[in-house]
Amino acid sequence: ANFLKNFYAEALDNLTVTERQELQPMLTSLEANLKDGKPTKSNFPEPKQHAFVKEWTMGELIGELDQVEIGRNFAKGRQAFVDAQCIQCHRFGNEGGGVGPDLTAVSARFSSRDLLESIVEPSKVVSEQFQNTTVLLKDGDDVTGRLLNETATELVIQPNPLQPGKVTVKKADVTKRSFAALSPMPEGLVNALSK
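Everything numeric here is computed off the predicted structure, so don't read it as measured data. (Residues numbered from 1 in each chain as written. Predicted model: local features only at pLDDT ≥ 70, side-chain atom pairs only at ≥ 80, totals over all residues. Heavy atoms only, no water.)

K.L.:
What's the story with the state of the cysteines in this structure? I'm lost.
P.N.:
Throughout this description, disulfide means a covalent bond between two cysteine sulfur atoms. A full pass over the atoms with the stated rule returns zero disulfides. The thiol sulfur of Cys 86 is not disulfide-bonded, and the nearest other cysteine sulfur, from Cys 89, lies at 8.9 Å. By relative accessible area, which is 22% here, Cys 86 ends up partly exposed. (Disulfide = S-S within 2.5 Å. Buried < 20%, exposed > 50% of the residue type's maximum accessible area, 1.4 Å probe, protein only.)

Right, dumping it as structure tokens:
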């Protein structure tokens, strides 16, 4: 909330008197939200509950890629982005989570096939920037998650990127440390969506 207040104050300082007058309704709304400590209302729709539809595979969907540019419905795309829980970890524009890659301009960096593969088979290729770390402990347990901090004696790992819980592991208790083979993005998130 304090970051947002600072952003707002800096933006306000950069506005001319005329711009402030033109933007006054929006500024009043932003000020009210900042006082409440609540973020502004999301432009994304509320998630809808879906039942399992189908376990989608690349083979079933790859043939449809030539049609993704035809007759798109952006409202349905936004809803699917929310319903498949993508918005929890991925940013699009100014909204969404910051755990996974920002998807705002993803189509300029990757082909449709690459994007489909990342959605259907998220563990096939995982950037080191987003890979989890797995540590095996002397007592036989293991801890997998995002490495948040490392000192000379400890590792701090966050097992669930959507929850604030952290696990501190003493390096002296670690027998092996490696990148996790599985992506932090779960498989099957799109299985509640229709083609």
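K.L.:
Please explain helix H5 (residues 74-83) as it appears in this structure.
P.N.:
Helical geometry: 3.6 residues make up each α-helical turn, so side chains three or four residues apart lie on a common side. For H5, the full list of buried residues reads Gln 79, Phe 81, Val 82 and Asp 83. Close packing links the buried residues of H5 with helix H6 (86-89) and strand S1 (91-92). Capping the start of H5 is the job of one residue whose side-chain oxygen sits 3.0 Å from the backbone nitrogen of Ala 75: Asn 73. (Helix = DSSP H or I, 4+ residues; strand = E, 2+ residues; numbered from the N terminus. Contact = heavy atoms within 4.5 Å. Polar contact = N/O pair within 3.5 Å; in protein donor to acceptor, adjacent residues only side chain to side chain.)

K.L.:
Sorry if this is basic, but what is going on with the side chain of Glu 117 here?
P.N.:
Turning to its location among the elements, Glu 117 is positioned in helix H8 (residues 112-120). Excluding its chain neighbours within four sequence positions, the residues that come into contact with Glu 117 are Met 58, Pro 122 and Lys 124.

K.L.:
Could you clarify how one ought to interpret the packing of aromatic side chains in this entry?
P.N.:
Centre distance and the angle of the planes are the two values used to describe a pair of aromatic rings. Scanning the entire structure with this criterion turns up one aromatic pair. Ring centres of Phe 81 and Phe 92 lie 6.3 Å apart, and the angle between their planes is 65°; this geometry places the pair in the edge-to-face category. One end of the pair, Phe 81, is in helix H5; the other, Phe 92, is in strand S1, and eleven residues separate them in sequence. For Phe 92, a relative accessible area of 41% puts it in the partly exposed group. Its guanidinium or amino end placed over the ring of Trp 56, Lys 54 lies 5.8 Å from that ring's centre, counting from NZ or CZ. (Phe/Tyr/Trp six-rings, centres within 6.5 Å; stacked < 30°, edge-to-face > 60°. Lys NZ or Arg CZ within 6 Å of the ring centre and 35° of its normal.)

K.L.:
What's the story with unusual backbone geometry in this structure? I'm lost.
P.N.:
The phi dihedral of Gln 85 is positive, around 70°, even though this residue is not glycine. Tracing the chain through its elements places Gln 85 in the loop between H5 and H6. Judged by its relative accessible area of 45%, Gln 85 falls in the partly exposed class.

K.L.:
What is the right way to look at the environment of Arg 109 in this model?
P.N.:
Looking at where Arg 109 falls in the secondary structure, it is placed in helix H7 (residues 106-109). A relative accessible area of 48% places Arg 109 in the partly exposed class. Note: C-alpha distance between Arg 109 and Phe 130 (21 residues apart in sequence) is 17 Å.

K.L.:
I would appreciate a short explanation of the pattern of salt bridges in the present structure.
P.N.:
Opposite charge on two side chains makes pairing possible when the charged atoms of those side chains draw close. In the structure shown here, the tally under the stated rule is eight salt bridges. Residue Glu 117 pairs with Lys 124 through a salt bridge whose shortest N-O separation is 3.1 Å. Here the residues in one salt-bridge network are Arg 113, Glu 117, Glu 121 and Lys 124, joined through shared partners. (Salt bridge = Lys/Arg side-chain N within 4 Å of Asp/Glu carboxyl O.)

K.L.:
Explain a negative patch on the surface here, please?
P.N.:
On the surface, Asp 139, Asp 141, Asp 142 and Asp 173 cluster together into a negatively charged patch. Tracing the sequence through the fold places Asp 142 in strand S4 (residues 142-150). (Patch = residues over 30% accessible without salt bridge, like charges linked within 9 Å, V, L, I, M, F, W, Y side chains within 5 Å. Areas by Shrake-Rupley, 256 points an atom, 1.4 Å probe, with all protein chains shown as cover. Lys, Arg positive; Asp, Glu negative; His and termini not counted. Charge placed at Lys NZ, Arg CZ, Asp CG, Glu CD.)

K.L.:
Could you clarify how one ought to interpret the nonpolar core in this entry?
P.N.:
Inside soluble globular proteins, nonpolar side chains tend to come together where they are buried. Judged by nonpolar contacts, Trp 56, Met 58, Leu 61, Leu 65, Ala 84, Leu 116, Val 120, Val 190 and Leu 193 together constitute the single largest core of nine residues. For this core, the elements supplying multiple residues, two or more each, are helix H4 (58-61) and H8. Excluding anything up to four places from it in sequence, Val 190 contacts Trp 56 and Ile 119. Counting residues in each nonpolar core, the second largest holds seven residues, with Val 135, Leu 137, Leu 155 and Ile 157 among its members. (Core = buried A, V, L, I, M, F, W, Y, C linked by side-chain atoms within 4.5 Å.)

K.L.:
Could you clarify how one ought to interpret the sheet that holds strand S3 (residues 133-137) in this entry?
P.N.:
Hydrogen bonds between backbone atoms are what pair the strands of a sheet, whose relative direction is either parallel or antiparallel. Spatially, the five strands line up as an open sheet ordered S6-S5-S4-S3-S7, and their pairing is antiparallel. The open sheet has two edge strands with one neighbour each: strand S6 (167-170) and strand S7 (174-179). Taken pair by pair, the neighbouring strands of this sheet meet at an average axis angle of 45°, ignoring direction. Where S4 meets strand S5 (residues 154-158), four bridges bridge the pair, whose relative direction is antiparallel. (Pairing = 2+ DSSP bridges. Axes fitted to C-alpha atoms, helices over the stretch in contact; angles between N-to-C directions.)

Such coordinate-based values are descriptive only and should not be taken to indicate function.
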